[in-house]
Amino acid sequence: ISYAKNTGLVLNASELKQLYFTGIKLEDQYQNPISNETIEFYIEAAQKELEDYLSIKLTRQAYQENRDYMFDDWIQWGYIPTTYPVVSPISLKGFLNTTLQVDYPSTWLSAKGQSNDEGSYHRSISTVPVQGTASIASGNSVYVGLVPLSSRFGSKTVPNYWASRYSTGFHFVPADILNYIGRAAASSILMILNDLITGQPGLNSSSISIDGLSQSKTATGYTGRIKMYQAENAKSLPILKSRYTGFTFGT
């Protein structure tokens, strides 16, 4: 039976070999091939590093988080900030400690974004009532309009009040992000190969002398390609940050 495991990686080992190791044998000093598991480890490490730096999720997924209730943000802007860009809201509930106070219907929730899955999504969920602002109970949902905490106006914040769930991540990961991850993972692997060229990690030259005869060997390895990949990533990182991180603001 043919099967495959979804590892959550945006690149697999075969794709990385084809794109970033042209003309390079991925073998150690004993001609043993570097395993796909090793290559995928460095892909995963580069992917996680970029996700943390840009504060995004690359693969499409449902994400749930808790946020504090901020009176000024809610009254003036009518939105709830989120950690990651929101593709589409799923649910929004308000809890006083562990007591469910409000459960907004999905038809009241909206998020700002652009078409074609370009990644220009905002880190917020907005509420737009479609049945007025009066309190309404319907089924398992409780609608309280735009003032969920009318009895707590003396407090400007309520810790961990909002429990929001939304979809985030890319349906198709943009090519510029894939290229950054590929170059970062390839650089890590090439640095290992660099150490193995002479058969002794840490050395890039060797010399043999017998009865007055000597032979020296100096290997530059893949230093040039490593520097090229690292320089390209250093140049593209600010561009990725300005495009995909966006602005996080609040009162």
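Rules behind the numbers
- Residues numbered from 1 in each chain as written.
- Predicted model: local features only at pLDDT ≥ 70, side-chain atom pairs only at ≥ 80, totals over all residues.
- Heavy atoms only, no water.
- Buried < 20%, exposed > 50% of the residue type's maximum accessible area, 1.4 Å probe, protein only.
- Helix = DSSP H or I, 4+ residues; strand = E, 2+ residues; numbered from the N terminus.
- Arc of directions from axis to C-beta.
- Contact = heavy atoms within 4.5 Å.
- Polar contact = N/O pair within 3.5 Å; in protein donor to acceptor, adjacent residues only side chain to side chain.
- Salt bridge = Lys/Arg side-chain N within 4 Å of Asp/Glu carboxyl O.
- Core = buried A, V, L, I, M, F, W, Y, C linked by side-chain atoms within 4.5 Å.
- Pairing = 2+ DSSP bridges.
- pLDDT = per-residue confidence, 0-100.

Every buried residue of helix 1 (residues 13-20) is listed here: A13, L16 and Y20. One face of helix 1 carries all of its buried residues, which in axial projection span an arc of 65°. Residues of helix 1 that are exposed and point more than 90 degrees away from the buried face comprise Q18 and L19. As for helix 1, its buried residues are in contact with helix 2 (36-54), helix 4 (175-196) and helix 5 (223-244). Two or three places before S14, at the opening of helix 1, N12 has a side-chain oxygen 3.2 Å from that residue's backbone nitrogen.

The tally for this structure, following the rule as stated, stands at four salt bridges. A salt bridge links E65 to R67, with the shortest nitrogen-to-oxygen separation between them at 3.6 Å. Where R243 meets D176, a salt bridge forms, and the shortest distance between an N and an O atom there is 3.5 Å. Residue R243 is found in helix 5, and its partner D176 is found in helix 4; the two are separated by 67 residues along the sequence. Here R243 falls in the partly exposed class, since its relative accessible area comes to 47%. The partly exposed category is assigned to D176, whose relative accessible area is 28%.

The biggest cluster of nonpolar side chains holds 32 residues, and the ones touching the most others in it are L16, F21 and I177. Only helix 1, helix 2, helix 4 and helix 5 provide two or more residues apiece to this core. Ranked by the residues each element gives to this core, the list is headed by helix 4, at nine residues. Apart from the residues lying within four places of it in its own chain, the contact partners of I177 are L50, I56, L58, F170, L240 and Y244. Core analysis: the next-biggest nonpolar cluster, separate from the first, contains 16 residues, F71, I80, L109 and Y161 among them.

A few words on the sheet that holds strand 2 (residues 79-81). The strand order across the open sheet formed by three strands is 2-6-5, and the pairing between neighbours is antiparallel. The open sheet has two edge strands, strand 2 and strand 5 (109-110), and neither has a second partner. Two strands pair when backbone bridges link them, and strand 5 and strand 6 (residues 124-127) are joined in this way by two bridges, in the antiparallel orientation. Paired with S110 across the two strands is S126, which belongs to strand 6.

This next bit is on unusual backbone geometry. Located in the positive-phi region is S55, a residue other than glycine, with phi close to 55°. The topology assignment puts S55 in the loop between helix 2 and strand 1 (61-70). Under the relative-accessibility criterion, S55 is labelled partly exposed at 25%. Of note, the phi angle at N160 is positive, near 55°, even though the residue is not glycine. On the secondary structure map, N160 appears in strand 9 (residues 157-168).

Moving on to the confidence of the model for the protein chain. With 72% of its residues at a pLDDT of 70 or more, the protein chain shows a mean pLDDT of 79. Confidence, read as mean pLDDT per element, is least for strand 7 (residues 136-138) in the protein chain (47) and greatest for helix 2 (94). pLDDT under 50 marks residues 132-140. Its contacts with residues more than four places away, or in other chains, come to twelve contacts.

The next point concerns the side chain of S187. Structurally, the position occupied by S187 is in helix 4. When residues no more than four places from it in sequence are discounted, the contact partners of S187 are I226, Y229 and Q230.

Structurally, M228 is set in helix 5. Exposure remark for M228: the relative accessible area of 39% places this residue in the partly exposed category. On a C-alpha basis, the gap between M228 and R183 in space is 9.2 Å, while along the polypeptide they are 45 residues apart.

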